[in-house]
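# Commentary on secondary and tertiary structure
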Amino acid sequence: MELTSEQLQWQSTFKDFVDSEIIPYACQNDKEERICPDVLRKVRKQGFLGSMLPLKYGGMELDNVTLGILNEEVGRGCSSVRSLLTVQGMIALAIFRWGTETQKDDWLPQLASGEAVGAFGMTEPNVGSDAKSIETTAALVEDHYVLNGCKKWITMGQIADVFLILAKCEGKPSAFIVERNREGLEVRPMSGLLGARASMLAELSFENCRIPAANLVGQVGTGLSHVALSSLDYGRYTIACGCVGLAQACLEASIDYANARTQFGRPLRENQLIQKMITEMAVQLKAARLLCYRAGYLKDIGDPDSIMETWAAKYFASIIVNKAASDAVQIHGAHGCHAGYPVERYFRDAKINEIIEGTTQMHEILIATQEFVSARRSLRRKTREGG
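Throughout, residues of each chain are indexed from 1 in the direction in which the sequence is written. Local features are withheld for residues below a pLDDT of 70 in this predicted model, meaning they are given only at 70 or higher, and side-chain atom pairs are given and counted only at 80 or more; totals for whole chains, interfaces and linings count all residues. Hydrogens and water molecules were not included; the side-chain quantities draw on all heavy atoms of the structure.

## Brief notes about the overall build of the protein
Put simply, the rule reads: Only DSSP runs of H or I covering at least 4 residues are called helices, and only runs of E covering at least 2 are called strands; the numbering of each starts at the N terminus. Radius of gyration: C-alpha atoms only; globule rule: 2.2 Å multiplied by the number of residues to the exponent 0.38. Exposed residues in this analysis have more than 50% of their type's maximum accessible area, buried residues have under 20%, and partly exposed residues fall in between, with area computed by a 1.4 Å probe over protein chains only. Only heavy atoms matter for contacts: two residues are in contact if any of them lie within 4.5 Å across the pair. Only the protein chains shown count as cover for residues, and the accessible areas themselves come from Shrake-Rupley with a 1.4 Å probe. Positive: Lys, Arg. Negative: Asp, Glu. His and the chain ends are not part of the count. To locate a charge, take atom NZ for lysine, CZ for arginine, CG for aspartate or CD for glutamate.
On a plain count of helices and strands, the protein comes out with ten helices and ten strands. Radius of gyration (C-alpha) of the protein: 22 Å, near the 21 Å computed for a compact globule of 387 residues. Seen through its principal axes, the protein has C-alpha atoms that stretch 80 × 65 × 40 Å. In the protein, buried positions account for 52% of the 387 residues. Sequence separation of at least 24 residues holds for 74% of the intrachain contacts in the protein that already meet a minimum separation of 6. Carbon and sulfur atoms provide 52% of the accessible area of the protein, an area that totals close to 17600 Å². Each charge class in the protein can be summarised by its mean position, and for the 42 positive and 46 negative side chains these summaries are 5 Å apart.

Shown next as structure tokens:
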């Protein structure tokens, strides 16, 4: 695949912004466990928080490949800022695809401009990948829904103005818009995360939290099968692209260090074992990037195979970025274990990607299952044709 001239221009624009406005603050973000307000303001001003939304609502209306490039470049600079783009897109697209016209008119312009920050609330203290088992409930009482329960590990929950909450209504997973200022909603900041520390996680508690009946997104029972799954597909895609960016940062840091460092009277780059690590890093990075481009291309042409291609891209990219980060630390030696070098942060950030939006093991189960299903279908088709 080759990028178009327009996509290449966007890539250059994104890279320049990340180099000048995100990377200089990445270490500070990590230490303070928050995105620097100046960075947040500049990301808003660029329109990146609405990159996935149509022009009609004030968005940038980028195609999926270009969205992937944006998330790759931002992921190269700061995994936490990339996580902001991910969750903003998840809630914005959920409302765009499944919301009422009133919900779209109310929220999409605010999300596109960054006036409102969104967060996606599915994970709970007792529920991770098993989303069907969510315990938060929503009951219709006259013209309001009443929410009770708890959500945990909610990215950008500390600063979100609006949440998309998955709750069981009539025993069925359903999606609801919940404004931050609703009585009965308590937001508790979380800290101490291993990586992506500036993702500003929060725990949400709902105690008889009343929201208008009009805040239901889609229909009762479609919260997981329609609303959440389409949002999670977008999330996996942007995370996969972010992994590519982080692996690129690992490669660049390793090359710079191997060029500058001298051991036993010669540059570290001349050591064949170092060359092996650099080679593996570079080739695996190219493979992951192509998987992401393919997933984005299939999304742009509306191919249903894009969903499984996204699973494959996220699975592979999250694995290779951990190998790249580990090798980058190894190449740096003791320096790689100290916060004075960015590879220490890369190493911690990389691990988060094997857990969020589906663990590596869940991906292995689903990808293998799909391959078995495809093989059975192919066998049945050949049998029919042979008969």
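## Some remarks on helix α6 (residues 223-260)
Threshold: Multiplying one less than the number of residues by 1.5 Å gives the expected span of a helix.
Taking 1.5 Å per residue as the helical rise, α6 with its 38 residues ought to reach 56 Å, and the 53 Å between its terminal C-alpha atoms agrees with that figure. Burial analysis of α6 places 30 of its 38 residues in the buried class, which makes it a mostly covered element.

## Examining the side chain of Glu309
Counted only if it meets this: Polar contact is defined as a pair of N or O atoms within 3.5 Å, subject to the rule that within protein one atom must be able to donate a hydrogen and the other to accept it, and that residues adjacent in sequence are counted only when both atoms are side-chain atoms.
Following the sequence through the fold, Glu309 ends up in helix α8 (residues 306-332). There is a polar contact of 3.3 Å between the side chain of Glu309 and the side chain of Arg294. Look past the residues within four positions of Glu309 in its chain and what remains in contact with it is Arg294, Ala295 and Leu298.

## Considering the packing of aromatic side chains
Put simply, the rule reads: Only rings of Phe, Tyr and Trp enter the pairing, Trp through its six-membered ring, and a pair is recorded when the two centres are within 6.5 Å. The plane angle decides the type: under 30 degrees is stacked, over 60 is edge-to-face, the rest tilted.
Throughout the structure, instances matching the rule amount to six aromatic pairs. Measuring from centroid to centroid gives 6.3 Å for Tyr57 and Phe96, while their planes differ by 75 degrees, and the two rings are edge-to-face. Pair noted here: Tyr57 is in the loop between α2 (37-46) and α3 (64-77) and Phe96 is in helix α4 (residues 79-98), with a separation of 39 residues, a long-range link. Among the residues examined, Phe96 registers a relative accessible area of 29% and is labelled partly exposed. What links up through ring pairs into an aromatic cluster is the set Trp10, Phe14, Phe17 and Phe48.

## Considerations on the pattern of salt bridges
Here is the rule we go by: By salt bridge we mean one thing: a side-chain nitrogen of Lys or Arg within 4 Å of a carboxyl oxygen of Asp or Glu.
Tallied over the full model, the rule gives 21 salt bridges. A salt bridge links Lys15 to Asp19; the shortest N-O distance between them is 2.9 Å. Of the two residues, Lys15 and Asp19 both sit in helix α1 (residues 5-32), four residues apart, roughly one turn of that helix. Taking the shortest distance from any N to any O, the salt bridge between Glu124 and Lys151 comes out at 2.8 Å. Note that Glu124 is positioned in the loop between β1 (118-121) and β2 (137-141) and Lys151 in strand β3 (residues 144-154), a separation of 27 residues in sequence. What you see here is one network of salt bridges that share partners, running through Lys15, Asp19, Glu73 and Arg76.

## Focus on the pairing of strand β5 (residues 172-179)
Put simply, the rule is: Two strands pair under a simple rule: DSSP has to find at least two bridges between them.
β5 sits mainly inside the fold: seven of its eight residues count as buried. Here β5 runs beside strand β8 (residues 216-217); their pairing, made up of two bridges, is antiparallel. Within β8, the position partnered with Ala175 by the bridge is Val217.

## Topic: the packing of α3 against α4
To keep it simple, the criterion reads: Axis definition: a line fit to C-alpha positions, over the contact stretch in the case of helices; interaxial angles, taken between N-to-C directions, run 0 to 180 degrees. Residue polarity follows a fixed list, in which Ala, Val, Leu, Ile, Met, Phe, Trp, Tyr, Cys and Pro are nonpolar, Asp, Glu, Lys and Arg are charged, and the others, Gly among them, are polar.
Look at α3 against α4: their axes get within 6 Å of each other, and the N-to-C directions meet at 150 degrees. Touching Leu70, Asn71, Val74, Gly75 and Gly77 of α3 are Ser79, Val81, Arg82, Leu85 and Thr86, all from α4. For the contact of α3 with α4, the class distribution of residues is four nonpolar, five polar and one charged.

## Notes on the environment of Val146
Inspection of the secondary structure puts Val146 in strand β3. A relative accessible area of 13% places Val146 in the buried class. Sequence separation between Val146 and Cys209 is 63 residues, and the spatial gap between their C-alpha atoms is 5.3 Å. With residues up to four places along the chain from it excluded, the contact list for Val146 reads Thr137, Ala138, Ala139, Val141, Asn208, Cys209 and Arg210.

## Details of the nonpolar core
Let me state the cut-off plainly: We define a nonpolar core as any set of buried Ala, Val, Leu, Ile, Met, Phe, Trp, Tyr and Cys residues linked to one another through side-chain atoms lying within 4.5 Å.
Counting residues in each nonpolar core, the largest one holds 59 residues, and the members touching the most others are Ile35, Leu111 and Leu164. For this core, the secondary structure elements donating two or more residues are α1, α2, α3, α4, α5 (101-113), β4 (162-169), β5 and α6. Here this core takes ten residues from α4, the largest share from any one element. Ignoring any residue separated from it by four or fewer positions in sequence, one finds Ile35 in contact with Asn29, Leu40, Ser80, Val81, Leu84, Met156, Ala198 and Met200. The next biggest cluster of nonpolar side chains, apart from the first, holds 35 residues, and it includes Ile239, Cys250, Ala317 and Val343.

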